[in-house]
Amino acid sequence: MAKVVVDAMAMQRALTRITYEIIERNKGVDDLVILGIKTRGVYLARRIASRLQQLENVTVPVGDLDITSYRDDIEHDAATDPTVSAANINFSVAGKKVILVDDVLYTGRTIRAAMSAVMDLGRPKSINLAVLVDRGHRELPIRADFVGKNIPSSQRERIKVSVSEIDDRDAVEIQQA
Amino acid sequence: MQNLDDLQKVLIIGSGPTEIGHETELDSATVQIITGFKKHGVRTLVIDNNPFSVALEEIQPTNMYVQAVTTANVRHIIERDQPDAILPTLGGLLGIRITQELIENGDIGRFGVTILGMPAATLRQINNPAALNATLKEIHEPVIEAQVVSTEDEALGLVESIGFPLIVKPVAPRLDTNRTICENVDDMLDALNQGFAQSRFDQCTLERSVVGYKEIEMVAVRDVADTKILIAGLENIDTVGIHSGDSIVVTPPQTLNDREYQDLRDATFRIATELGIVGVIHIHFALNPNNQHFYVTKIAPYFTRGVALAARTTGYPLALVTGALLIGQRLVDIKLPSRFVKQTAIMEPTIDHVSVRIPIWPFQEVPDADQHLDTVMKAVGSTVGVGRSVEEAMLKSVRSSQFSPRDVLPSVSNLTDGEMISQLIHPLANRILVLIEALRRGYTPDELSELTKIDVFYFVKLQHLLKIEKQIKENPLDVDTLKDARYYGFGDGMIARIWQTDTATIRRLSAEADIKPTYKMIEPTAGEFDEHASGYYSTFEYENESKPLGDRTALVLGRGGNQLGPNSAAEYFTTEMLKQLKRAGYHTILMNTNPNAIGIAPEFTDKQYVDPIQLGDVLNVIKVEHPDIVIVPGNRHYLTRELGKLNLNLHVLPPDQESSKSQPKTATISVSLFVHKQHKIAVGVMDMIAPGMNQDIAQVTAFRMPAERAKADRLKLVEQAKEAVSEHQLTGMVQVLFAPKSKDSQQLTVVGIRPTRLTEMAFLSKVTGVNWVRMLTRQHIGTLDEKELAAIKIDLNSKRVALMNAVFPFQQLHVLNRPGTTDQEMGATIAFGSSEALTLSNLSDTEQLDKIINRTI
Amino acid sequence: MEKRYLILEDGSAYAGEGFGAGATTSGEVISNLNLLGYQETITDQIYHNQIIIFAQPAIGNVGINHDSYESILPTAKGMVVRDVTNISTNRLSRLSLDEFLQQHNIPGISGIDTRHLIRKLRKMDGPVKGSIVDVADAHAFDQLNATVLTNRQVDQVATPKPYPNPDTGKNVVVIDFGLKHGILRQLSERRCNVTVLPWTASAQDVLNLDPDGVLLSTGPGSPLDLGEGVLEMIRAVQAEIPLFAIGLGHELFALANGAKLEALPVEYHGSSHPIRRIITNDIIYATQGQGYAVTAKTIDRDRLITTYVDLINGTVQGLRHRDYPAFSVQFFADGAPGPHESRDLFDEFMEAMTARREG
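Thresholds applied
Residues numbered from 1 in each chain as written. Chains lettered and ligands numbered in written order. Predicted model: local features only at pLDDT ≥ 70, side-chain atom pairs only at ≥ 80, totals over all residues. Heavy atoms only, no water. Helix = DSSP H or I, 4+ residues; strand = E, 2+ residues; numbered from the N terminus. Buried < 20%, exposed > 50% of the residue type's maximum accessible area, 1.4 Å probe, protein only. Contact = heavy atoms within 4.5 Å. Lys, Arg positive; Asp, Glu negative; His and termini not counted. Charge placed at Lys NZ, Arg CZ, Asp CG, Glu CD. Areas by Shrake-Rupley, 256 points an atom, 1.4 Å probe, with all protein chains shown as cover. UniProt positions renumbered as here; feature names shortened; annotations may be inferred. Phe/Tyr/Trp six-rings, centres within 6.5 Å; stacked < 30°, edge-to-face > 60°. Lys NZ or Arg CZ within 6 Å of the ring centre and 35° of its normal. Buried area = accessible area lost by both parts, 1.4 Å probe. Salt bridge = Lys/Arg side-chain N within 4 Å of Asp/Glu carboxyl O. Polar contact = N/O pair within 3.5 Å; in protein donor to acceptor, adjacent residues only side chain to side chain. Nonpolar A, V, L, I, M, F, W, Y, C, P; charged D, E, K, R; others polar. Domains from an automatic or database assignment. Patch = residues over 30% accessible without salt bridge, like charges linked within 9 Å, V, L, I, M, F, W, Y side chains within 5 Å. Core = buried A, V, L, I, M, F, W, Y, C linked by side-chain atoms within 4.5 Å. Pairing = 2+ DSSP bridges. Right-handed = clockwise from strand over helix to strand, strands pointing away. 1 Å grid on protein atoms, 1.4 Å probe; cavity = no way out; pocket = protein on both sides within 12 Å on 5 of 7 lines; lining within 4 Å. Points joined across faces, edges and corners; volume = space filled by probe spheres on them. Axes fitted to C-alpha atoms, helices over the stretch in contact; angles between N-to-C directions. Parallel < 35°, antiparallel > 145°, perpendicular 65-115°, else oblique. Left-handed = near helix turned anticlockwise from the far one by under 90°.

Visitor: Got a sec to walk through the overall build of chain C? Specific residues and values, please.
Guide: In terms of regular secondary structure, chain C is built from 10 helices and 23 strands. Reported as C-alpha extents along the three principal axes, the dimensions of chain C are approximately 65 × 45 × 35 Å. Here chain C holds 359 residues, and 65% of them are scored as buried. For chain C, contacts bridging at least 24 residues in sequence account for 72% of all contacts bridging at least 6. In chain C, 31 side chains carry a positive charge and 43 a negative one; their mean positions are 3 Å apart.

Visitor: Just give me the short version of the overall build of chain A, but keep the residues and values in it.
Guide: Of regular secondary structure, chain A possesses three helices and nine strands. On chain A, roughly 8,200 Å² of surface is accessible, and the fraction owed to carbon and sulfur atoms is 47%.

Visitor: I'd like to hear about the UniProt feature "short sequence motif: PRPP-binding" (unreviewed entry) in chain A, residue by residue, with values.
Guide: In this numbering, the UniProt entry assigns the feature "short sequence motif: PRPP-binding" (unreviewed entry) to residues 98-110 of chain A. Helix makes up 15% of residues 98-110 of chain A and strand makes up 62%, while its end C-alpha atoms are separated by 16 Å.

Visitor: Help me get a handle on the packing of aromatic side chains, residues and values and all.
Guide: For the structure shown, the criterion picks out 15 aromatic pairs over all chains. Measuring from ring centre to ring centre gives 5.3 Å for C:Phe244 and C:Phe346, while their planes differ by 80°; the resulting arrangement is edge-to-face. Linking C:Phe244 in strand β16 (residues 243-246) with C:Phe346 in helix α10 (residues 344-358), this pair joins segments that are 102 residues apart in sequence. Of the two residues, C:Phe244 and C:Phe346, neither departs from the other in class, the shared state being buried. Seen from their ring centres, C:Tyr308 and C:Phe331 are 5.4 Å apart, and the 80° between their planes marks the pair as edge-to-face. Within this pair, whereas C:Tyr308 is found in strand β21 (residues 304-310), its partner C:Phe331 is found in the loop between β23 (326-329) and α10, the two being separated by 23 residues in sequence. The pair formed by C:Tyr308 and C:Phe331 is uniform in burial state, with each residue classed as buried. Feature note: the residues C:Phe244, C:Phe327, C:Phe346 and C:Phe349 constitute an aromatic cluster, connected by ring pairs. The cationic tip of B:Arg552 hangs over the ring face of B:Tyr586; the distance from NZ or CZ to the ring centre is 4.2 Å.

Visitor: Explain the interface of chain A and chain C to me, and be specific about the residues and the numbers.
Guide: Taken together, the contact between chain A and chain C spans 16 residues of the former and 19 residues of the latter. Buried surface at the junction of chain A and chain C, summed over both partners, amounts to about 1,700 Å²; 53% is from carbon and sulfur atoms. Here chain A and chain C share five salt bridges between them. Linking chain A with chain C are six residue pairs in polar contact (both at pLDDT 80 or more). Sorting the residues of the side of chain A that touches chain C by element identifies α1 (8-26) and α2 (38-56) of chain A as the ones contributing at least two each. Counting residues per element, the side of chain A that touches chain C draws most heavily on α1(A), which supplies nine residues. Among the residues making up the side of chain A that touches chain C, the classes are represented as four nonpolar, five polar and seven charged.

Visitor: Now, about the domain arrangement of chain C: what can you tell me, with residues and values included?
Guide: Frequently, the measure chosen for interface size is the accessible area that the parts lose on association. Residues and elements named next belong to chain C. The domain architecture assigned to chain C consists of domain 1 (3-149) and domain 2 (154-358). Computed over C-alpha atoms only, the centres of domain 1 and domain 2 are separated by 27 Å. Of the residues lining the interface, 26 residues belong to domain 1; the matching set on domain 2 comes to 23 residues. Of the roughly 1,700 Å² buried where domain 1 meets domain 2, counting both sides, 54% is carbon and sulfur surface. Our count for the contact surface shared by domain 1 and domain 2 stands at two salt bridges. Close ionic contact of Glu70 with Arg185 constitutes a salt bridge, the shortest N to O distance being 3.1 Å. Taken together, the connections running from domain 1 to domain 2 amount to 10 residue pairs in polar contact (both at pLDDT 80 or more). It is strand β3 (residues 25-32) that provides the largest number of residues to the side of domain 1 that touches domain 2, a total of four residues. Along the lines of polarity and charge, the residues of the side of domain 1 that touches domain 2 split into eight nonpolar, 11 polar and seven charged.

Visitor: Could you give an account of a negative patch on the surface, with specific residues and numbers?
Guide: Residue and element names in this part refer to chain B. Together, Glu183, Asp186, Asp187 and Asp190 make up a region of like negative charge exposed at the surface. Note on placement: Asp186 falls in helix α9 (residues 185-198). Residue Asp186 is classed as exposed on the basis of its relative accessible area, which comes to 57%.

Visitor: Before we move on, could you go through the nonpolar core and cite the residues and values that matter?
Guide: When a protein is soluble and globular, its nonpolar side chains tend to lie buried together. All names here are of chain B. Counting residues in hydrophobic clusters, the biggest one holds 109 residues, and the most contacted among them are Phe674 and Trp772. When sequence neighbours within four positions are dropped, the list of residues in contact with Phe674 reads His679, Lys680, Ile681, Val683, Gly732, Met733, Trp772, Met775, Leu776, Gln779, Leu784 and Leu789. Listed in part, the 51 residues of the second largest apolar core include Val74, Ala267, Ile271 and Ala272.

Visitor: Tell me about the pairing of strand β3 (residues 62-68) of chain A, and name the residues and values.
Guide: Residue and element names in this part refer to chain A. In this sheet, β3 lies alongside strand β2 (residues 32-37) in parallel orientation, the contact comprising four bridges. For Leu35, the partnering residue across the bridge sits in β3 and is Gly63. This β-α-β element, β2 to α2 to β3, shows right-handed connectivity.

Visitor: Let's hear about the pattern of salt bridges: which residues, and what values?
Guide: A complete count under the given rule lists 83 salt bridges over all chains for this structure. Residue A:Arg143 pairs with A:Asp145 through a salt bridge whose shortest N-O separation is 3.2 Å. Overall, the relative accessible area of 59% leaves A:Arg143 in the exposed class. The shortest N-O distance in the salt bridge between B:Glu437 and B:Arg440 comes to 3.4 Å. In this pair, B:Glu437 and B:Arg440 are both assigned in helix α15 (residues 431-440), three residues apart and thus about one turn of the helix distant. Here B:Glu437 falls in the buried class, since its relative accessible area comes to 6%.

Visitor: Provide a residue-level description of the interface of chain C and chain B, including the pertinent values.
Guide: Counting residues at the interface gives 50 residues for chain C, matched by 59 residues for chain B. Surface buried jointly by chain C and chain B totals about 4,500 Å² across both partners, of which 46% is contributed by carbon and sulfur atoms. Counting the contacts that link chain C with chain B gives 13 salt bridges. In this structure, B:Asp530 engages C:Arg122 in a salt bridge whose closest nitrogen and oxygen atoms are separated by 3.1 Å. There are 30 residue pairs in polar contact (both at pLDDT 80 or more) connecting chain C and chain B. Element by element, the count of residues in the side of chain C that touches chain B is highest for helix α3 (residues 114-121) of chain C, at five residues. Tallied by class, the residues present in the side of chain C that touches chain B amount to 21 nonpolar, 18 polar and 11 charged.

Visitor: Before we move on, could you go through the environment of B:Gln364 and cite the residues and values that matter?
Guide: Residue and element names in this part refer to chain B. As for its placement among the helices and strands, Gln364 is situated in the loop between β15 (354-360) and β16 (381-387). For Gln364, a relative accessible area of 73% corresponds to the exposed category. In sequence terms Gln364 and Gly91 are 273 residues apart; their C-alpha atoms lie 29 Å from each other.

Visitor: So what's going on with empty space enclosed by the protein? Which residues, and what values?
Guide: With a probe scaled to a water molecule rolled over the atoms, the places where space remains empty come into view. All names here are of chain B. Space inside the largest cavity adds up to approximately 450 Å³. Residue assignment for the lining of the largest cavity shows that the elements contributing at least two residues are α1 (25-39), α11 (305-314) and α12 (318-326). The residue inventory of the lining of the largest cavity, partitioned by class, reads 17 nonpolar, eight polar and three charged. The space that makes up the second largest cavity amounts to roughly 380 Å³. Forming the walls of the second largest cavity are 23 residues, and the residues nearest its centre are Pro129, Lys169, Thr297, Lys298 and Ile299. At the level of elements, α7 (129-138), β7 (166-170) and β14 (294-300) are the ones that each hand at least two residues to the lining of the second largest cavity.

Visitor: Go over the packing of helix α21 (residues 567-583) of chain B against helix α25 (residues 758-768) of chain B, please, and point to the residues and values.
Guide: Residue and element names in this part refer to chain B. Between α21 and α25, the shortest axis-to-axis distance is 8 Å and the interhelical angle comes to 60°. The angle between α21 and α25 places the two elements in the oblique class. Seen from above, α21 lies across α25 with left-handed handedness. Packed against α21, whose contacting residues are Ala569, Ala570, Tyr572 and Phe573, the element α25 presents Leu758, Thr759, Met761, Ala762, Ser765 and Lys766 at the interface. Looking at the contact of α21 with α25 residue by residue, the classes come out as seven nonpolar, two polar and one charged.

Written as structure tokens, this is what we have:
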């Protein structure tokens, strides 16, 4: 049984608010770059970039990070940490304010891998994290700077994010495993 | 969805012959959409077998498929012509159904055809109540729970949980939805029987009845960027339980508060988004009058009469905009012709007038039909009244619906009290007259509202009209009373009748007291912008907005709403006439109250007056416009006579049938001639076929051309005809009728001469490729070029045989299917073929006739 | 129904029939183009001291009901309509319009060619004064010309003392400039525990309540008449607490952050205009009804972002502060009357408050 906790309109609002908050905290969009993680984080990243474009008339560079890992949201195998398998970033991150974008923040391991990958590419000025959903249960000292919605969940539950670019709609659902 | 920028060729599925449920509104929309597509460089193909279609006149012969609108025929066209896209929504439910079948049998996918207007997933759900309800429930829209049953036993099992009254509907029916309200088990079993037969899947749905709820219709548009605009809300005065086509409809809604209206608007938008509709959508809601709950009862993402009404009464360029939306334009980018204020397409209409639409009935022509109004539509047409108060709009529309030559309302004062109450509870066609009579007899608005479930507001308004009527009765020839009466919509004829005088006196009094109509523009911004819309209506206020159109104007009087008889052909006639007038350099003005008319499209008419086509109102318009030509239809004898008394350049078109030289009892062949000065052009030799046993001329409703005769015989008949015509004064399109000399004789003799009937004129135009309506018009306005006329070549002996066959409303009215008469026609079909396929012997049998008409090419 | 007149300061007089109260009144004449919602309109305090002309020709059809009040004591000065029905039997309604107007001493006049008036008024720049009188004589015109339109409007309609609208959810302070109840209803629907403060409240008054969010309400008249104190309060509060401002509130928010206002030559009261939500490039429709707009070129881009624009007249319809979670809209986000699609601005406000508390 899946329950929708964020519908299409709420998702739009969340991304809009995150965009505004990014502007607030960074005092503008200069030196900003956005990196989307995994599949859906990439689409969310692009939507945020599009909003920034609409508001400020500035093209913020967007890149992707593909991170292979165990399925973060169902089981952990402590022996296998996520690693970056591909990076599609054709700009420099040196001296930039990097915003990492992911759909769900859970244990934090994926983000940790992403941060390492970014720092290997160059020395960013800062790294901030934006997530659509924060579901708690962190295993590392990682915290999101911009959160769409906090959804405290039990580890037996599965949080499913759908984005209309590849799924049939925009939604965030909780499924009992 | 495929990239719509690459769209080059679109196939429009036409709607076929006009019938109950769709009149000429689909053809009207098609014309405007074709115009729009042309401007965007999209080539349009049309399949339609309606001989009275104006859309077919607007496209090149190579793009036109005059064939029966069937899945098989459409499939062949797709196969042969490979259109990029198909547009089903101009074909009404027929178009939708055909496209559904094409999806199911894989043709849409196989030929890579894009469906314009909605995704395939949505198309599959239209007309499938179970699927649609499931979708609506997913987005939390309230629906009436419909349970699908395949057997009587299943149905009986559900009776407990659903309860009576309940409604039985066939799943995916072959015709427009036949819903039956059942009060008990016997009713239900009968309805199921019928329903299973009509369903493509042998299934029916059962659901709770919401009869008695308010019925509100919403018409909206949506673009590919998900921007949505509400065009209009239409409130049915009659409650759910009476088909909305049979109800009196008011727009904007008069008895809703803002919140109820916005809730329905929100729901309409959510549904349009969920279904992915691009273009226009028309949704019906049932609103519980006792709380704010509503249910979605019907979703029609295609062109309908409701859509036509929304366009007419708001002045919003709906067909134009929809055409642009269908090929992927966004509302915010649509460029309208320069006569519109630039951003009209993207502003949500708000209007400052009231419109009332009243149905027109077939019961005079089909007296054995049951006049009780229920969920199956019986009206054959409608007419609109526009004013600045509900009273004015209602009265104007009622006046237009009665077709009374002297503009008076019939009385129902001979009903007994018992009969009247019965008709209040079980409404019959002349509903509004009964409501007024009940008020006259002292029933209070509250009592009547209780009995009929109609909102008490409307009774208060009708009561007000009665009060004014009383005032008129008690103050004959009083100027202040006259002012009040005109203010609220009373016509000259009605006032004259009450004061027992003539309309001339009323006009004189009005002139002396300076009571004259002010014309207001029908535009969608409520005065915020200076629109240059073309529709006007009369009211009696302070400012007149209608300036004379200028030099060289032609005022054409329309026929009012659609009735049985040659009316779709009349619409074709009027529109072609308007086209010709424009071509001859006239500015055209049309006076008409038919919201489904084709002639009102801006391509044909520069200005329209939506006012009753009665003497007083016509004279008022003439006073403003000073037209150079006035054209009145031939069936308006009183009007023609009265207008003839003035110094006008008056023409009677279409010609008056009563100017025929003798009406014969029977005719089997006719020769049509175009007569102009000394020219007599033979246009066609036709078999006059009366399907069925009787050869009475009134039952001649099918025509075959050329007539099944030897060549030499045909030519001989033509000579005989020319001779006969020489002896009489008739000019223009003339038909000479022949019949056998005596019962057993083979020899034919002339039995009558008459102006060619409208239906036959359309037929002749479609078959010969020469537009005879335009010729006739040119003759009247004096622009006929004799050289050109002489150069016309008609092949009277063509190998290609054409057949036109009238369509009747008997099945829809649930009366015995029998050979109909010409005044019972609803529309017609046209078919072409070889002379072997279309032999006379085949055509006399109605079943054979049907097969031929609907055959696959 | 007695004969009465609507007279305008340009010397014109229109005869009609009186309904409602028999009072003689004067005020600024405003055209309202909304399709429905006469009750919401007549009770909205933005029409304080104004005579409203209704484009909708048939008014009064559904009487007066409990749920459509935008204020308890309306202070409009008159209704001008084409046709009025005095009926009180829509299921929600308890009163007829006529009775209601009499209770509040507001006169109405019917039988007027309102379409003509609206078309005429839109060609006249600036506020136009009018009166509803019994006799259209020289005396009446003199009185009219002598009438001075007040600039103490907010004072007249806003609450002088704080009052609560208790509930169990977020704590919201509403600064009342003559608010429309639609705002309170939207907050109630979201279970907000509301405290309404008078417009003269100081920043300290607001902060003392430790609210999750602050809402600056709608109201009548010009924000320029309200002095500097309000603007200081706004500047102080926006830096600490999520802020949402509507209508007059939006104008004050703009002023507080350095923008300038201009009076619109013709006010637009209706909901037909497409409004672009810049961040997502969507188009929404909302009810507008104000006489001023923020002048786009005076917006300090280092402080404010333009978030909404009216596509018909180009006016700024929404702003957001760059540095704080503070945003505002010119149009009526709550609808009432009018489209509901902008109600998700209240959801935005809620989410901003949540983010603030959690972040």
